[in-house]
Amino acid sequence: MALKITDYRTPLFNDWCPGCGNFGILTALQMALVDLQLQPSRAAIFSGIGCHGKTPHWVNAYGVHTLHGRALPFAIGAKLANPDIEVIVHSGDGDGLGIGAGHFVNTGRRNIDLTYIIHDNGVYGLTKGQASPTLKLGMQTKALPKPNMNEGINPIALALAAGYTFISRSYAFDVAHLKETIKKAIAHRGMALVVVQQPCPTYNNINTKDWYSGEDRKDPATGKPVPRVYKLEETGYDGVVRSPEEMIPKALAALEKSQEWGERIPMGVFYQNELVSTYQERIAQRVATYLENPPAKQVISDAEGKPITDISKLLDELKVTG
Amino acid sequence: MSRDEFIWMAGGPQGSGVDSSANIFARACGFGGLHVYGQREYHSNIKGLHSYFHIRVSPREIGAIASRVDMLCAFDADSVVRHIWEVNAGGGVVCDSEVQVKKLSEIPTLSASFREEFQKTLEKKGIKPETVGDLLNEAKKNGVKVYAVPYLELLKLLAKEIGEEKLSKLTIMTNIMALGISFGIINYDKKYVVTAIEKIFGKKAKIISMNVLAFNLAYDYAAQHYRDFGFNLAPVQTDEKRIFLQGTQAVALGKLAGGCRFQSYYPITPAGDESEYLEENQIFELERSELKHQSGSIIVMQTEDEIAAVNMASGAALAGARAATSTSGPGFSLMVEGLGWAGINEVPTVISFYQRGGPSTGLPTRHGQCDLRFALHASHGEFPRIILCSGDVEECFYDAARAFNYAERYQTPVIHLTDKAIANSTKSCKMFDPALIKIERGQMLSEADVKDKDYKRFRFTESGISPRIPLGTPGVVFWNTGDEHNEYGHITENPEVRTRMMEKRMKKLELADGEIPPQERVNFFGDEDAPVTIVSWGSPKGAILEAMERLRQQNYKINFLQIRMPHPLPKEYVSKILGKARKKIAVEGNYTAQMAGIIKEETCIPMDYFVLKWNGRPMTSDELYDAFLLILQDKAPVRQVLMYGT
């Protein structure tokens, strides 16, 4: 029987603030799972700490709510131990780009086949609205006593530099686009990043839903708002690398696109490169049986608990007498 | 020098091959049926600073170094100066004849503090040597024999023999020649050394033949010129199967046999060797006949930091693999938050923790036992954990495997605590027997067990243990969170659930305490009724046993309680033993006698004497013998601080 969206919901009360961008992200994720017809027990949703961190509790799938900034290492451990699990990692902007920035960068080097969704709202919500690493210099959101003294991190450019092989952005309240982007990320062979611009109705009074949709700048001719977000795909932009020669030009194009912010914010796939080997493939090159017999599936003892690992060759190498 | 054992020390600048020389020396002795114990000491430096290797060989099993040297094989002037006073009367120094002219004031690697100490020693002795040669002459007056070897001449001979014109290409051969000289002086059977050289250099036939040639040349030179040493090292016939390895290898082998299939680590001394050995041997054969065609494997991940290391191990453990990480004090400091997560989520993560001198970076390459309290209390909040302490290389093997049983049976993190002295000690051990290892995975459910059931990962049970399933098991899901949670694993702040969930987790510690028998948690040596009891843990074991044996021969009655599981501590057993002792002596490699404190806290029994050492060097059997003797003669202060070490 086909899986429906209700199959991916849990009966728990959702305590995000009314109007939170997280609702859009949660819905898009669940819709993507429906489209992919992925059995709940085949998916594992990891998260860090912050508002986004509760996401797994509202998804009927394996859910691992980890530590602040540490969702990636937990997820990588599980994925490498059992590569059959479809691992989707959620992180916040403070979580993934502040306290967890080291993991963000180093995960790019590995190109592990998993999906990483960053909920980017520019503030630390659960601790009452401090500036996050993506908030731009000089911005003073509602709870800040003074304007922000740090420049904002550009997650798209950082991911490109770190070696992510799928780099995309979407918007929490364009659920259809976000769902499609998440599906592309899951389908990508390698490390896939989806940065989701997410209004925080409680603490970010600058990058609001109205701001993203351009309510403040109506077209004088039509009287309609001119949204700040636009879709890369609709402009003819194509970030997919199809041959080794395209790698540098496409990366440079993505870097250039990543600089757009403010009046025009690009959505969609900035860069995708499946020519790079995944970490799982690299392991399999060394350990031929890895994919069929990964750590979590290996038999380690017989029925009586006798170990079946044969270390006699190693012991022989160390032998001095007898 | 005792008549049947021999202590050889190789000293030289780091990166000059001290290690490989010592390795060949030790193995050669091992091949000759002798028991071997070695300790490696080195600076936190890549090239140039002093390092040395103590190798002690004996017909009897030994587990410690002693505070003396029978033969110092010095690769440079620095090593002569540092170790000259450690050489026994009747012992020898082997060095390059050219170092004799070196002025003592012109050895740049000797630190200011060393020079100051050294000057004081010279003043005390009333001598004023200017050169290394002068110093050696002073040693000669004390009965030390000096073998100043013309290595350059020997190298020329070697060059001629193999037709190599550039001498600089052969200087690397000085190491093997020093071995040849050493073995030539003590007249040890060449064939064992040749076997050792072959073993160390493996398949590199050309290198083997060149090393054997250089060795023979030096050996013959010594046999001809240095005939006055008066001690011959004799091989011993034995049928016992023995292996020779270092502590980190024993841990790695224990992990493999124990079914560890995922290890994550961040490079750190001295833990790094273990992960490297695992990675080198990551594919292995399986014993069970129907799996013969398949090989087993372990994934070894070098992570970006220790935070990632511990959490990746927990992720792999959640998925059902036996998983571990390996580190030292500074790395464990970073793992603390992850430890707490594993605790509240009941994840069987194993942490191999090699202590070294702290706090902070402390003594990065030196020994210490200062992290017992840290291992016990690390992380905010309260949760059960099990701590295992190995006392020697052999225990490391079996404990490393057992750690996973405890972790999975009680679904909680296990810390396997060892120390630098064990990590870097090389020892000939009775062949490990993997058949003594039993794998117990605790309450693990299968797909069939949970099919169509309302599965609760943290179900309240009588024992506190909720049967677990690996993440990814079809037909069911669960949730984890570092927040307090309900039986499903969803966040809760409900006071009643919180109370019960804490009780459920903490109960597992009581269960472990009740189920794990004392023989897995302590070792006891000697007569229960002896009036004096030594209490210790970790690497002092070998030195204590040897000191005890010497005291026993002098009719002192003394026993030794080695704690292998300080948490949960087998209270009743410890109380029973300590209750009988009139004098209780704590022996520990730290300042505050941490184990003694834990025992007092758990049993209300205080120690009477403390023998402590924190200078970054392992305890020697001699200094423990001296300390114990003072206590037995009622001449000791409550607290004795040991100082031996260079």
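The rules behind each value
Residues numbered from 1 in each chain as written. Chains lettered and ligands numbered in written order. Predicted model: local features only at pLDDT ≥ 70, side-chain atom pairs only at ≥ 80, totals over all residues. Helix = DSSP H or I, 4+ residues; strand = E, 2+ residues; numbered from the N terminus. Rg over C-alpha atoms; globule rule 2.2 N^0.38 Å. Contact = placed C-beta atoms within 7 Å. Pairing = 2+ DSSP bridges. Core = buried A, V, L, I, M, F, W, Y, C linked by C-beta atoms within 7 Å. Buried ≥ 20, exposed ≤ 12 C-beta atoms within 10 Å, placed from the backbone. Domains from an automatic or database assignment. Axes fitted to C-alpha atoms, helices over the stretch in contact; angles between N-to-C directions. Parallel < 35°, antiparallel > 145°, perpendicular 65-115°, else oblique. Left-handed = near helix turned anticlockwise from the far one by under 90°. Nonpolar A, V, L, I, M, F, W, Y, C, P; charged D, E, K, R; others polar. Expected span 1.5 Å × (residues − 1). pLDDT = per-residue confidence, 0-100.

## Let's talk about the overall build of chain A
- Helix and strand counts for chain A come out as 10 helices and 13 strands.
- Against the compact-globule benchmark of 20 Å for 322 residues, chain A has a radius of gyration of 22 Å, which places it among compact chains.
- In terms of principal-axis extent, the alpha carbons of chain A reach across some 90 × 50 × 45 Å.
- Pairs at least 24 residues apart make up 66% of the contacts formed inside chain A by residues separated by at least 6 positions.

## Some remarks on the sheet that holds strand S10 (residues 295-297) of chain B
- Strands sit in the order S12(A)-S9(B)-S10(B) across an open sheet of 3 strands; the sheet is antiparallel. Every other strand in the sheet has two partners, leaving strand S12 (309-310) of chain A together with S10 of chain B as the edge strands with one partner each.

## Here's the deal with the nonpolar core
- Judged by nonpolar contacts, the single largest core of 266 residues is most densely connected at Ala44(A), Ala78(A), Val80(B), Val93(B) and Ala316(B).
- Ranked by the residues each element gives to this core, the list is headed by helix H14 (residues 393-409) of chain B, at 10 residues.
- Dropping the residues within four chain positions of it, Ala44(A) is found in contact with Ala61(A), Tyr62(A), Val64(A), Ala78(A), Ile85(A), Val87(A), Leu471(B) and Gly472(B).
- One finds Val123(A), Tyr124(A), Ala131(A) and Cys200(A) within the second-largest nonpolar core, a separate group that totals 6 residues.

## With respect to the domain arrangement of chain B
- In terms of domain boundaries, chain B breaks down into domain 1 (6-225), domain 2 (245-436), domain 3 (447-515) and domain 4 (520-641).
- Its C-alpha centre places domain 3 of chain B at a distance of 41 Å from the equivalent point of domain 4 of chain B.

## Looking at the sheet that holds strand S21 (residues 583-588) of chain B
All names here are of chain B.
- Taken in spatial order, the 6 strands make up an open sheet running S18-S20-S19-S21-S22-S23, and their pairing is mixed. Every other strand in the sheet has two partners, leaving strand S18 (522-525) and strand S23 (639-641) as the edge strands with one partner each. Here the strands of the sheet are splayed against their neighbours by 15° on average, with no regard to which way each runs.
- Examined bridge by bridge, S18 and strand S20 (residues 558-563) share 4 bridges and lie antiparallel to one another.

## As for helix H9 (residues 247-257) of chain B
All names here are of chain B.
- In terms of residue burial, H9 counts as a mostly covered element, since 11 of its 11 residues are buried.
- Within the sequence span of H9, burial applies to Gly247, Thr248, Gln249, Ala250, Val251, Ala252, Leu253, Gly254, Lys255, Leu256 and Ala257.
- One or two residues past the end of H9 sits glycine 259, with phi positive at roughly 90°.

## Observations concerning the packing of helix H18 (residues 540-553) of chain B against helix H21 (residues 621-632) of chain B
All names here are of chain B.
- Two elements in contact, H18 and H21, have axes whose closest approach is 8 Å; the angle formed by their N-to-C orientations is 50°. In terms of orientation, H18 and H21 fall into the oblique class. The interaxial crossing formed by H18 with H21 has right-handed handedness. Here H18 contributes Ala543, Ile544, Glu546, Ala547, Arg550 and Leu551 to the contact with H21, which in turn contributes Ser621, Leu624, Tyr625, Phe628, Leu629 and Leu632.
- For the contact of H18 with H21, the per-class residue count stands at 9 nonpolar, 1 polar and 2 charged.

## Description of the interface of chain B and chain A
- Tallying the contact residues gives 79 residues for chain B and 55 residues for chain A.
- No other element matches helix H11 (residues 306-318) of chain B, which puts 9 residues into the side of chain B that touches chain A.
- Of the residues belonging to the side of chain B that touches chain A, the class tally is 37 nonpolar, 26 polar and 16 charged.
- Where S12(A) meets strand S9 (residues 283-286) of chain B, 2 bridges bridge the pair, whose relative direction is antiparallel. By the bridge assignment for S9(B), Asp310(A) is matched with Glu285(B).

## What to know about H21(B)
All names here are of chain B.
- A rise of 1.5 Å per residue sets the reference length of H21, with its 12 residues, at 16 Å; its end C-alpha atoms lie 16 Å apart and thus fit the reference within 8%.
- For H21, the complete set of buried residues consists of Ser621, Glu623, Leu624, Tyr625, Ala627, Phe628 and Ile631.
- Downstream of H21 by one or two residues, aspartate 634 has phi in the positive range, about 60°.

## Quick word on the packing of H11(B) against helix H12 (residues 329-344) of chain B
Residues and elements named next belong to chain B.
- Contact geometry for H11 and H12: axes closest at 7 Å, N-to-C directions at 30°. With respect to each other, H11 and H12 are oriented roughly parallel. Considering only the axes of H11 and H12, their crossing is right-handed. Residues Glu306, Ile307, Val310, Asn311 and Ser314 of H11 form the contact with H12, whose participating residues are Gly331, Leu334, Met335, Gly338, Leu339, Trp341 and Ala342.
- In the contact of H11 with H12, the residues fall into 7 nonpolar, 4 polar and 1 charged.

## A closer look at the confidence of the model for chain B
- Confidence along chain B averages 96 in pLDDT terms, with 99% of residues attaining 70 or more.
- For this predicted complex, the interface confidence comes out at an ipTM of 0.98, alongside a pTM of 0.97.

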